[in-house]
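Listed here are the chains, written in short residue letters.
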Amino acid sequence: MVNYSEIMSAKSIHKIGILTSGGDSPGMNAAIRAVVRTAIYHKMEVFGILHGYSGMVNDDIIKMDTKSVANIIQRGGTILKTARCKEFMTPEGRSKAYKNLQKRGIEGLVIIGGDGSFRGAQVFSNEYNIPCIGLPGTIDKDIAGTDFTIGFDTAVNTAVEAIDKIRDTADAHDRLFIIEVMGRDAGYIALHSGIATGAENILIPERKTNIDEIIEALKEKEKRKKLVNIIIVAEGEEFGGANEVSNYIKDKLPKTEVRVCILGHIQRGGSPSCMDRVIASRMGYHAVDCLLEGKFNVFVGIVNNKMHSIPLNEAVKKKQRINDEWIKMVKILAS
Ligand code: F6P
């Protein structure tokens, strides 16, 4: 069994592959640029693996140079394309993938993606003894062991900008708006965007939704003539999402004017914020250092503004924890 935090004996790496996997996130291109240019600075050859792990399985692999990553730092999406690959979850798929790496002499991988992508990296590395360095690229911010993930800052600012606009019209009409943000398994976008826009309630997958308590609070607010209310719902919240919450509220409070807005994939696109470009650059640069130092199966995180390499295992096993104090604060500030 491979020990995931193990430092390999000094075997130098000359050829690396890079891929983006899972949901794209703004800043992935900045990370690709940083990895490619740092690796080339260290005289490595770099191969871009297209469409995530599918490119590895189907031999969709290109040679990259410094020019391949010109003029991309400001662009959303990922020039390497991305996918969620079912075949890579099978031993046969991974065997095909390994052969494709072997035939080019690729000795190490940088994988930019979320926890599902890290899980794939871990299994692959375990089977074929190939060093994999993860970069946390997800708008959901649901990776333990790092203060930031690439794309969260841009996504949450996109949500905040949209919610501010909705509040204008909600205010003009004295309406209750229920706004759904992304986050199938994680409430960070909901929590941060909700706090930043002064939302009355924030419903997230990590907490039970007490819908009747929300109804009571709305009734009480109506008595006080507080008619403009914003409820932020993460898509994976247990009640089922913004439409379900709206239907329930309309049923219980038929006189309340309720509107729903689902922000959707707008949160995944767009030019990355300065913060996402900077952390992506720092993480990409550090990923190459990790490979050079012989680190094995770690992902690069930033904690207290310092670079860390954390066993992939940690990201895969643990989830970021939502702070209860934040939940308490939301209630107090929205009163
Ligand atoms: O990348 C994470 C994420 O945006 C989640 O917040 C969301 O639930 C999911 O991806 C949506 O995935 P897809 O684009 O495949 O529908």
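If you're wondering where the values come from, they're calculated on a predicted model, not measured in any experiment.

1. What about the overall build of the protein?
Piece 1. Within the protein, the secondary structure is distributed over eleven helices and eleven strands.
Piece 2. Radius of gyration (C-alpha) of the protein: 22 Å, near the 20 Å computed for a compact globule of 335 residues.
Piece 3. The principal-axis extent of the C-alpha atoms belonging to the protein is close to 70 × 40 × 35 Å.
Piece 4. In the protein, which comprises 335 residues, the proportion classed as buried is 53%.
Piece 5. Sequence-distant contacts in the protein: of pairs separated by 6 or more residues, those separated by 24 or more amount to 76%.
Piece 6. A total accessible area of about 15100 Å² is found for the protein, and carbon and sulfur atoms account for 51% of it.
Piece 7. Averaging the locations of the 45 positively and 41 negatively charged side chains of the protein gives two centres separated by 3 Å.

2. What about the domain arrangement of the protein?
Piece 1. Along its sequence, the protein is organised into domain 1 (4-151 + 272-317) and domain 2 (152-268).
Piece 2. Facing the 17 residues of domain 1 at the interface are 13 residues of domain 2.
Piece 3. Carbon and sulfur atoms make up 53% of the area that domain 1 and domain 2 hide from each other, which totals about 1200 Å².
Piece 4. Ranking the residues of domain 1 by area buried against domain 2 places Ile139, Asp140 and Lys141 at the top, with a combined share of 46%.
Piece 5. Seen at the junction of domain 1 and domain 2, the total is one salt bridge.
Piece 6. Note that Asp24 is salt-bridged to Arg268, the shortest N-O span being 2.9 Å.
Piece 7. On the surface where domain 1 and domain 2 come into contact, there are nine residue pairs in polar contact (both at pLDDT 80 or more).
Piece 8. Looking at the side of domain 1 that touches domain 2 residue by residue, the classes come out as five nonpolar, six polar and six charged.

3. Digging into the sheet that holds strand S8 (residues 229-234)
Piece 1. With respect to topology, four strands assemble into an open sheet ordered S7-S8-S6-S9, the strand pairing being parallel. One side of each edge strand has no neighbouring strand; the edge strands of this open sheet are strand S7 (201-203) and strand S9 (258-262). Strand after strand, the sheet turns through a mean of 15° between neighbouring axes, direction not considered.
Piece 2. Here strand S6 (residues 176-181) pairs with S9 via five bridges, running parallel. Opposite Ile178, over in S9, you have Val260 as the bridge partner.
Piece 3. Across the sheet, helix H7 (residues 211-223) is in contact with S6, S7 and S8; its angle to S8 comes to roughly 165°.

4. Let's talk about the site of the ligand
Piece 1. Around the ligand lies a shell formed by Gly23, Arg84, Ile139, Asp140, Met182, Gly183, Arg184, Glu235, His265 and Arg268.
Piece 2. Arg84 places a side-chain nitrogen or oxygen 2.5 Å from an oxygen atom of the ligand.
Piece 3. Among the cavities detected, the one that contains the ligand is the largest pocket.
Piece 4. By residue class, the composition of the shell around the ligand is two nonpolar, three polar and five charged.
Piece 5. Both of domain 1 (4-151 + 272-317) and domain 2 (152-268) provide at least three residues apiece to the shell around the ligand.

5. Considerations on helix H1 (residues 28-41)
Piece 1. Taking 1.5 Å as the rise per residue, H1 with 14 residues should run 20 Å; its terminal C-alpha atoms sit 20 Å apart, in good agreement.
Piece 2. Every buried residue of H1 is listed here: Met28, Asn29, Ala30, Ala31, Ile32, Ala34, Val35, Val36, Thr38 and Ala39.
Piece 3. Where H1 ends, the next residue or the one after it, Lys43, has phi of about 65°, a positive value.

6. Topic: the sheet that holds strand S10 (residues 298-303)
What links the strands of a sheet is backbone hydrogen bonding, and the strands pair in either a parallel or an antiparallel sense.
Piece 1. Ordered in space as S3-S2-S1-S4-S5-S10-S11, the seven strands form an open sheet in which the pairing is mixed. The outermost strands of the open sheet, each flanked by one partner alone, are strand S3 (61-64) and strand S11 (306-311). Going across the sheet, the axis of each strand differs from the next one's by a mean of 30°, ignoring polarity.
Piece 2. Two strands pair when backbone bridges link them, and strand S4 (residues 108-113) and strand S5 (residues 132-136) are joined in this way by five bridges, in the parallel orientation. Paired with Val110 across the two strands is Ile133, which belongs to S5.
Piece 3. Running at roughly 175° to strand S1 (residues 15-20), H1 makes contact with S1, strand S2 (45-49), S3, S4 and S5 of the sheet.
Piece 4. Packed onto the sheet, helix H3 (residues 91-104) meets S1, S2, S3 and S4 and runs at close to 35° relative to S3.

7. Observations regarding the packing of H1 against helix H9 (residues 274-292)
Each pair of packed helices can be described by the angle between their axes along with the distance between the axes.
Piece 1. As a packed pair, H1 and H9 sit with axes 7 Å apart at the nearest point and diverge in direction by 35°. The element H1 and its partner H9 pack so that their crossing is right-handed. When H1 is examined against H9, the residues Ala30, Ala31, Ala34, Val35, Thr38 and Ala39 are found in contact with a partner set consisting of Arg277, Ala280, Ser281, Gly284, Tyr285 and Val288.
Piece 2. Within the contact of H1 with H9, the residues separate by chemical class into eight nonpolar, three polar and one charged.

8. What to know about the pattern of salt bridges
Piece 1. Evaluation of the coordinates by the stated rule reveals 18 salt bridges.
Piece 2. Between Asp59 and Arg104 there is a salt bridge; the shortest N-O distance is 2.7 Å. Note that Asp59 is positioned in the loop between helix H2 (53-57) and S3 and Arg104 in helix H3, a separation of 45 residues in sequence.
Piece 3. You can call Asp59 partly exposed: its relative accessible area is 26%.
Piece 4. Across the pair Glu216 and Lys219 runs a salt bridge, and its minimum N-O distance is 3.3 Å. Placement of both Glu216 and Lys219 in helix H7 is noted, with a separation of three residues, approximately one turn of the helix.

What counts as what
- Within each chain, residues carry numbers counting from 1 in the order of the written sequence.
- It should be noted that, the model being predicted, local features are given only for residues of pLDDT at least 70 and side-chain atom pairs only at 80 or more, the latter also being counted only at that level, while totals for whole chains, interfaces and linings use all residues.
- Working from all heavy atoms in the structure, the side-chain values ignore hydrogens and water.
- Strands are runs of DSSP state E lasting at least two residues, helices are runs of H or I lasting at least four, and both sets are numbered from the N terminus onward.
- Put simply, the radius of gyration uses C-alpha atoms, and a globule should come to 2.2 Å times the residue count raised to 0.38.
- Remark: exposure states derive from per-residue accessible area (1.4 Å probe, protein chains only) relative to the maximum for the residue type, with buried under 20%, exposed over 50%, and partly exposed in between.
- Residue contacts are counted whenever heavy atoms from the two residues lie within 4.5 Å of one another.
- Surface accessibility follows the Shrake-Rupley procedure with a 1.4 Å probe radius. Residue values consider only the protein chains on display as shielding.
- When charges are counted, Lys and Arg are positive and Asp and Glu negative, with His and the chain ends excluded.
- Charge coordinates come from a single atom per side chain, which is NZ of Lys, CZ of Arg, CG of Asp or CD of Glu.
- Note that the domain bounds were set by an automatic or database domain assignment.
- Accessible area, probed at 1.4 Å, shrinks when two parts are joined; the buried area is that loss added up over both.
- In what follows, salt bridge is the name for a side-chain nitrogen of Lys or Arg lying within 4 Å of a carboxyl oxygen of Asp or Glu.
- Pairs of N or O atoms within 3.5 Å make up the polar contacts considered here, provided that, within protein, one atom can donate a hydrogen while the other can accept it, and that residues adjacent in sequence are counted only when both atoms are side-chain atoms.
- When residues are grouped by polarity, Ala, Val, Leu, Ile, Met, Phe, Trp, Tyr, Cys and Pro land in nonpolar, Asp, Glu, Lys and Arg in charged, and all others, Gly among them, in polar.
- Any two strands with at least two DSSP-identified bridges between them are counted as paired.
- Axes here mean lines fitted to C-alpha atoms, for a helix over just the part in contact, with angles spanning 0 to 180 degrees between N-to-C directions.
- Any residue with a heavy atom lying within 4 Å of a molecule or strand is counted as near it.
- Definitions used for this entry: grid spacing 1 Å over protein atoms alone; cavity, a set of points where a 1.4 Å probe fits but cannot get out; pocket, an open set with protein on both sides within 12 Å along at least 5 of 7 lines; lining residue, one with an atom within 4 Å of a point.
- The rule for placing a molecule in a cavity or pocket is simple: more than half of its atoms must lie within 2 Å of the grid points.
- In a helix, the anticipated span is given by 1.5 Å times the number of residues less one.
- Should the near helix be turned anticlockwise from the far one by less than a right angle, the crossing is termed left-handed; should it be turned clockwise, right-handed.

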